[in-house]
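Chains, contacts and geometry: an overview
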Amino acid sequence: MATQHSRSAARLMMAPAVILLLGWMLVPLTMTLFFSFKKYLPMRGDSLENGLEWVGFENYVRFIGSSSFWPSVQATLVIVGGVLAITVILGIFLAILLDQPFWGQGVVRILVIAPFFVMPTVSALVWKNMFMDPVNGILAHLWRFFGAEPVSWLSDASLQSIIMIVSWQWLPFATLILLTAIQSLDSEQLEAAEMDGAPVVQRFFYIVLPHLGRAITIVILIQTIFLLSIFAEIFVTTGGAFGTRTLTYLIFQRVIDSQNIGLGSAGGVYAIILANIVAAFLMRIVGKNLDA
Amino acid sequence: MARSTTTRRKIITTAAAWAVGLLIFFPIYWTILTSFKTEAQAINDPPLFFFFDWTLENYAVVQERSDYMRFLWNSVIISGLSTLLGVMIAVPAAWSMAFVPSRRTKDILLWMLSTKMLPAVGVLYPISLLFVKFGLLDTRTGLVVVLMLINLPIIVWMLYTYFKEIPGEILEAARMDGATLREEIVYILTPMAIPGIASTMLLNFILAWNEAFWTLNLTAAKAAPLTAFIASYSSPEGLFFAKLSAASTMAIAPILILGWFSQKQLVRGLTFGAVK
Amino acid sequence: MSFANALRAATSLALVFGATAQAETITIATVNNGDMIRMQGLTEDFTTKTGHTVEWVTLEENVLRQRVTTDITTKGGQFDIMTIGMYETPIWGKNGWLVPLDDLSAEYDVDDLLPAMRNGLSYDGTLFAAPFYGESSMIMYRTDLMEKAGLEMPEAPTWQFIRQAAAAMTDRANDINGICLRGKAGWGEGGAFITVTANSFGARWFDEEWNAQFDQPEWKEALEFFVGMMSESGPAGYATNGFNENLSLFQQGKCGMWIDATVAASFVTNPNDSSVADKVGFALAPNSEGVEKRSNWLWAWALAIPAGTQKTDAAKQFIEWATSKDYIELVAAKEGWANVPPGARTSLYENPNYMEVPFAKMTLDSILSADPNNPTVKPVPYVGIQFAAIPEFAGIATEVSQEFSAVYAGQQSVDEALAKAQALTNDAMEAAGYR
């Protein structure tokens, strides 16, 4: 259907976006790759002007050889996986609930999407101080009210706490996408199944869930992209202590705390590789679904 | 009989939905509430849920220490312009992907998304050095460009999903009638896509507003948006819950209000063409 | 002397300055501590005196460090004045990143700076940052609880006494913990505290060849002592408590003792914020029995000018204003002597008005007894008490303190943490080419 003319026009129209993103990707990436093969310790006087010493793969070996590397990959995957699981499962539940007729639908929907508008830094600060503080936090008050010993959330249940904070921020996103998907579900089909006496559980697994496939895929895809690089939530709450040091955070420590740009850049390259592995994995599942 | 069951069911659903909604909203409610307490009331045991002497003192203190309007204005400008610029670049790209797809369209789309996976901290030095070189540090221009680039993949993708929903036949018909490409986009496509473009812009405005790594690391005084405003109230010495709450409320209120008023648009914006 | 007179004097001063130098706007990065916020509030005084205006970038400590470090290493030139500490100053000074403060005016009286502060903020004999306030650490304790426990705090107690007193003061049923100490990860938080504690048990970070010393018995003894005492008498969740958390606990009357920065004394004795303001006593930081060194540190928040700023003169004027004797007088007149920035100038401690402040003498004694060149009993290759002034320290100590915080939270044993600390420290030192 498309003519030769419209094809070249199309290419022209795509050009600005593609060129900009290519530049945005390639320039920093090239610089990161360049630094990752160099000894670059600015605090010891190394600088671009004076020339940097070539060290081959030393930074790569050292970064992956550090005892913190594999735990950080694990922490990253646990956080991403945990948040995805919680937001998708609760999101489905919420979407079904909000799809039912009830009084005050509009208001409740506003309440549910509100966390999405809160800056990650603000939500981390609020959760850390006003909720999870073991002395003055509201959760501590609640625990004491029931006669229990308050929990030191950010040290004793550090990963779970971070997963919870991040899930709270992303649940609205998941809920909304799933809700719109459910709303488009053919209600006659459901009613027919109900007439046939299919139990709720069966109706859910055979009709609702398959229908949500595409929406779930999109939730997973978009969230993974954002979750792989969460930073503020960890920076504000635990500072990477108690097993919450993700790969992103480890790179931050190498670059900012240790001021070892070469080592941090090597870490950055690993992070890109990890992201691409996760992406490839996702694409394999998602790709088909996206075509539609 | 049937009627009473549905009513009963509706009551139960209402109760459940409201309970969940209030639970999810509670942290925000609590932050806003705490911003009207004194520091001592903020940590009172048991917590004060409504009945206390409301005070505006924290807002006065925060306003006295930092010029809120300047931060707010920077946030508005940076988020607004980066979104606008992003949409201007993304509309043609998304159009061509949706209506003149090639074998590589999907790959390009996925590649664009994958540029978002580069961890920001990993490229802090490269970007900072570039900003120094081009004199972009602490300028709104620099931030507009960076935030536009960060969000561009999402914009392209969202617009692509909307455009795909527009039936191609309409365009074909217009082309038959001799409409040029420009006319096709301006007179036919754009009016049909306006809701989609609006919700895309809304979502990206929110994402830009909440971006807290680059906005903090590439600004000092002149271009600093609300994310930097917050960084001066997190964990100072002494009791700070109430002042932190006031600052937090000030930082999130504009976007919260915008979000609420445009809720319907946003809901559409968040679908990513998931509805089929 | 009326307000109008003062205003007239200030205006004429401004005219004099205004005639010689053009008015500039300088950008200052600072930390959101109480004293700095007060300085921010008094900027007007500086502007009337010099005609220069100030743009403040006030950030939380961790964000500030990240921000100014990136700016200085990439030569970003965003700030005309940066607030930095005793750790950064010698390193940055050595790299030539700071403007030497060797030509301050005669009225400024640079010789009046406390020698410990001046040395700590100099490299190779040149001053690179002017101390805004300085601190050591000391014991702050509740006199009422101490009496109730039937004990008396000596002027210079030992750790063993502190542990015994902490246990005696602890009353968990009434939410009173005998002792509150920093356990939070981070080199400037729990890392600093455990380092000075280890010093007072005779431990050190490195031997003369830069080998990590976590495999030595002194470290094990110190860490075990700390963990033992905190589990007996410390607050729940102390593994995440830093300066702010402990300050708030102490102000709420939930701590019997608190060993921390001397500047905290003015916060805990301020009746507006503290419920125990009139029941606080002070003592020197403890040492372990038989060890010569006490566990008090030395720190200053200081103002420095990054090399490359176009506004060096205006920046120097600001630094002279903010760290001057006049500034101290100004704060004293407005907020009372207890709230002036402490620990920077000798003359402050010769001022009879200030010496009436209950914690003044103990603060001075603590500062005077801190010796950054000899932080512990054995010789060390580094300068610094709660830190080693080498560029790699912040990174290493943050990771080490994370391992220790995991011990405080009961997630690993003392031996495991020390073994990990030993390995990661040696690894990082090797990467940096020390070993």
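It should be emphasised that the depicted structure is a prediction, and the values quoted were computed from it without experimental measurement. (Residues numbered from 1 in each chain as written. Chains lettered and ligands numbered in written order. Predicted model: local features only at pLDDT ≥ 70, side-chain atom pairs only at ≥ 80, totals over all residues.)

1. Remarks on the nonpolar core
Worth spelling out the cut-off: Think of a nonpolar core as buried Ala, Val, Leu, Ile, Met, Phe, Trp, Tyr and Cys residues, each tied to the set through C-beta atoms within 7 Å. Backbone-placed C-beta atoms define the burial measure: a residue is buried with 20 or more other C-beta atoms within 10 Å of its own, exposed with 12 or fewer, and partly exposed in between. Secondary structure elements are taken from DSSP: a helix is a run of H or I of four residues or more, a strand is a run of E of two residues or more, and numbering for both begins at the N terminus.
One finds Ala90, Ala94, Val156 and Leu159 of chain B together with Met140 of chain C to be the most contacted residues of the largest nonpolar core, which totals 319 residues. Ranked by the residues each element gives to this core, the list is headed by helix 7 (residues 140–165) of chain B, at 17 residues.

2. Re the UniProt feature "domain: ABC transmembrane type-1" (unreviewed entry) in chain B
What counts is decided by this rule: UniProt positions are given in the numbering used here, feature names are shortened, and annotations may be inferred rather than shown by experiment.
Per the UniProt record, "domain: ABC transmembrane type-1" (unreviewed entry) is annotated on residues 72–262 of chain B. Annotated as 75% helix and 0% strand, the span residues 72–262 of chain B places its first and last C-alpha atoms 20 Å apart.

3. Details of the domain arrangement of chain C
All names here are of chain C. Filter applied, for reference: Where each domain begins and ends follows an automated or database-derived domain assignment. Distance between backbone-placed C-beta atoms decides contact: two residues are in contact if it is within 7 Å.
For chain C, the assigned domains read domain 1 (3–128 + 299–355) and domain 2 (137–297 + 374–431). The centre of domain 1, based on its C-alpha atoms, is set 30 Å off from the matching centre of domain 2. Listed by partner, the interface residues are eight residues for domain 1 and nine residues for domain 2.

4. Structural notes on the sheet that holds strand 1 (residues 25–31) of chain C
All names here are of chain C. What counts here: Note on pairing: DSSP must find at least two bridges between two strands before they are called paired. Where helices are involved, their axes are fitted lines through C-alpha atoms of the stretch in contact, as for all axes, and angles between N-to-C directions lie from 0 to 180°.
The strand order across the open sheet formed by five strands is 2-1-3-11-6, and the pairing between neighbours is mixed. Two strands bound the open sheet, and with one partner strand each, they are strand 2 (53–59) and strand 6 (130–135). Here the strands of the sheet are splayed against their neighbours by 20° on average, with no regard to which way each runs. Where strand 1 meets strand 2, seven bridges bridge the pair, whose relative direction is parallel. Bridge pairing in strand 2 places Thr30 opposite Thr58.

5. With respect to the interface of chain A and chain B
To keep it simple, the criterion reads: Residue polarity is assigned by list, with Asp, Glu, Lys and Arg as charged and Ala, Val, Leu, Ile, Met, Phe, Trp, Tyr, Cys and Pro as nonpolar; anything else, Gly included, falls into the polar class.
Taken together, the contact between chain A and chain B spans 80 residues of the former and 75 residues of the latter. Top contributing element to the side of chain A that touches chain B by residue count: helix 1 (residues 4–36) of chain A, with 17 residues. Taken together, the residues of the side of chain A that touches chain B break down into 60 nonpolar, 17 polar and three charged.

6. Observations regarding helix 8 (residues 158–183) of chain A
Along an α-helix, residues three or four apart share an orientation, since each turn contains 3.6 residues. All names here are of chain A. Convention followed: Under the convention used throughout, the expected extent of a helix is 1.5 Å for every residue step, that is, one less than its residue count. The seven residues ending at a residue and the seven starting there each receive a fitted axis; the angle between those axes is the bend at that residue.
If you check helix 8, its first and last C-alpha atoms are 37 Å apart, about what 26 residues at 1.5 Å a residue would give, namely 38 Å. Along helix 8, the helix axis deviates most sharply at Trp170, where the bend reaches about 40°; the proline Pro172 sits within four residues downstream. Most of helix 8 is tucked away, with 21 of its 26 residues classed as buried.

7. What about the sheet that holds strand 7 (residues 137–142) of chain C?
All names here are of chain C. One open sheet accounts for four strands, arranged 8-9-7-10; its pairing is mixed. Of all the strands in the sheet, the pair left with one neighbour each is strand 8 (177–180) and strand 10 (280–284). Each adjacent strand pair in this sheet contributes to an overall mean axis angle of 20°, direction not counted. Sheet strands touched by helix 8 (residues 159–169): strand 8 and strand 9 (255–261). Its angle to strand 8, the strand with the most contacts, is close to 135°. Across the sheet, helix 11 (residues 243–251) is in contact with strand 7, strand 8 and strand 9; its angle to strand 9 comes to roughly 145°.

8. Notes on the packing of helix 8 of chain A against helix 10 (residues 200–227) of chain A
A pair of packed helices is characterised by two quantities: the angle between their axes and the separation of those axes. Residues and elements named next belong to chain A. We apply this condition: Angle categories are assigned with fixed cut-offs, so that under 35 degrees is roughly parallel, over 145 is roughly antiparallel, 65 to 115 is roughly perpendicular, and the rest are oblique. Whether a crossing is left-handed or right-handed is set by the direction in which the near helix is turned from the far one by less than a right angle, anticlockwise for left-handed and clockwise for right-handed.
Interaxial distance between helix 8 and helix 10 falls to 9 Å at its minimum, and their mutual angle equals 155°. In this view, helix 8 runs roughly antiparallel relative to helix 10, as classed from their interaxial angle. Crossing hand, helix 8 versus helix 10: right-handed. Where helix 8 abuts helix 10, its residues Val166, Trp170, Ala174, Ile177, Leu178, Ala181 and Ile182 lie against His211, Leu212, Ala215, Ile218, Val219, Gln223 and Leu227. Across the contact of helix 8 with helix 10, the residue classes break down as 12 nonpolar, two polar and no charged.

9. Digging into unusual backbone geometry
Even without glycine at this site, Phe242 of chain A takes up a positive phi of about 55°. As for its position among the elements, Phe242 of chain A is in the loop between helix 11 (232–237) and helix 12 (247–257). Note on Phe242 of chain A: 26 C-beta atoms within 10 Å, which makes it buried. Positive phi, close to 60°, is recorded for Asp109 of chain C, a residue that is not glycine. Examined against the element boundaries, Asp109 of chain C turns out to sit in the loop between helix 5 (88–94) and helix 6 (115–120). Exposure remark for Asp109 of chain C: the 14 C-beta atoms within 10 Å place this residue in the partly exposed category.

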